[in-house]
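# Examining the three-dimensional arrangement
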Amino acid sequence: VALYVMPNASRALSGERTIQLLRQFGLRYGEMSLVHRFADSDGTGPLMFSVLRYTSEGPSGFDLETLPSEQVEGLAFFLALPSKHAVAGYDTMVSISTLLAREIHGQVYDEHMNQLSPQLREHYRHFVLEYRTPA
């Protein structure tokens, strides 16, 4: 399940602000140049979801060396399935992506770039609830 946080069209998000916001919401830089949210905001517990940098060429990892001087087009939040903590991960991902979008005066979109409405939010939540791995 993927969600995208995009600043309004006339605005870009500075790399420095991106780093501050991700840390503010308990995300930690880690494996594969991604930022991750764990169950506990101190970086412990099970992995809840991860975030990539969104670019016009597609999602990419973060380079902490260059990020402070760059502009960020958007953020791609994703929840890997299957997971024992999928519902908690999804709920946390939706909450943080919504708060972050509010903070940057942006919007949250689904993987088809539809604005995340309450109906879509529930649709994806039911998908996560019903997701089963093949036997």
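Above this note sits the structure.
Notes on the structure follow. (Residues numbered from 1 in each chain as written. Predicted model: local features only at pLDDT ≥ 70, side-chain atom pairs only at ≥ 80, totals over all residues. Heavy atoms only, no water.)

### Some words on the overall build of the chain
- When you go through the chain residue by residue, the secondary structure sums to three helices and eight strands.
- When the helices and strands of the chain are placed in sequence order, the string is β-β-α-β-β-β-β-β-α-β-α.
- For the chain, whose C-alpha radius of gyration is 14 Å, the value lies close to the compact-globule estimate of 14 Å for 135 residues.
- Dimensions of the chain, computed from C-alpha atoms along their principal axes, come out at roughly 45 × 30 × 25 Å.
- By residue count, 40% of the 135 residues in the chain fall in the buried class.
- Of the contacts formed within the chain by residues at least 6 apart in sequence, a portion of 62% connects residues at least 24 apart.
- When the 11 basic and 15 acidic side-chain charges of the chain are each reduced to a single mean position, those positions are 7 Å apart. (Helix = DSSP H or I, 4+ residues; strand = E, 2+ residues; numbered from the N terminus. Rg over C-alpha atoms; globule rule 2.2 N^0.38 Å. Buried < 20%, exposed > 50% of the residue type's maximum accessible area, 1.4 Å probe, protein only. Contact = heavy atoms within 4.5 Å. Lys, Arg positive; Asp, Glu negative; His and termini not counted. Charge placed at Lys NZ, Arg CZ, Asp CG, Glu CD.)

### Side note on the environment of Leu75
- Within the secondary structure layout, Leu75 lies in strand E7 (residues 74-78).
- Judged by its relative accessible area of 1%, Leu75 is buried.
- Separated by 71 residues in sequence, Leu75 and Tyr4 have C-alpha atoms that sit 5.6 Å apart.
- When sequence neighbours within four positions are dropped, the list of residues in contact with Leu75 reads Leu3, Tyr4, Val5, Thr18, Leu22, Val51, Leu52, Tyr54, Phe62 and Leu100.

### Comments concerning the packing of helix H2 (residues 86-103) against helix H3 (residues 118-130)
- The geometry of H2 relative to H3 is characterised by a closest axis approach of 9 Å and an angle of 160° between their N-to-C directions. Between H2 and H3, the angle falls in the class roughly antiparallel. Handedness of the crossing formed by H2 with H3: right-handed. The residues of H3 that touch H2, namely those facing Ala86, Val87, Tyr90, Asp91 and Val94, are Leu120, Arg121, Tyr124, Arg125, Val128 and Leu129.
- Residues that form the contact of H2 with H3 fall into these classes: eight nonpolar, no polar and three charged. (Axes fitted to C-alpha atoms, helices over the stretch in contact; angles between N-to-C directions. Parallel < 35°, antiparallel > 145°, perpendicular 65-115°, else oblique. Left-handed = near helix turned anticlockwise from the far one by under 90°. Nonpolar A, V, L, I, M, F, W, Y, C, P; charged D, E, K, R; others polar.)

### What about the sheet that holds E7?
- The antiparallel open sheet is built from six strands, whose spatial order is E3-E4-E5-E7-E1-E8. Here the strands that pair on one side only, and so sit at the sheet edges, are strand E3 (28-29) and strand E8 (106-110).
- In this sheet, strand E4 (residues 35-38) lies alongside E3 in antiparallel orientation, the contact comprising two bridges. Its bridge partner lying in E4, Arg28 is registered against His36.
- Together, strand E1 (2-7), E4, strand E5 (47-54), E7 and E8 form the strand contacts of H2, whose direction differs from that of E5 by roughly 40°. (Pairing = 2+ DSSP bridges.)

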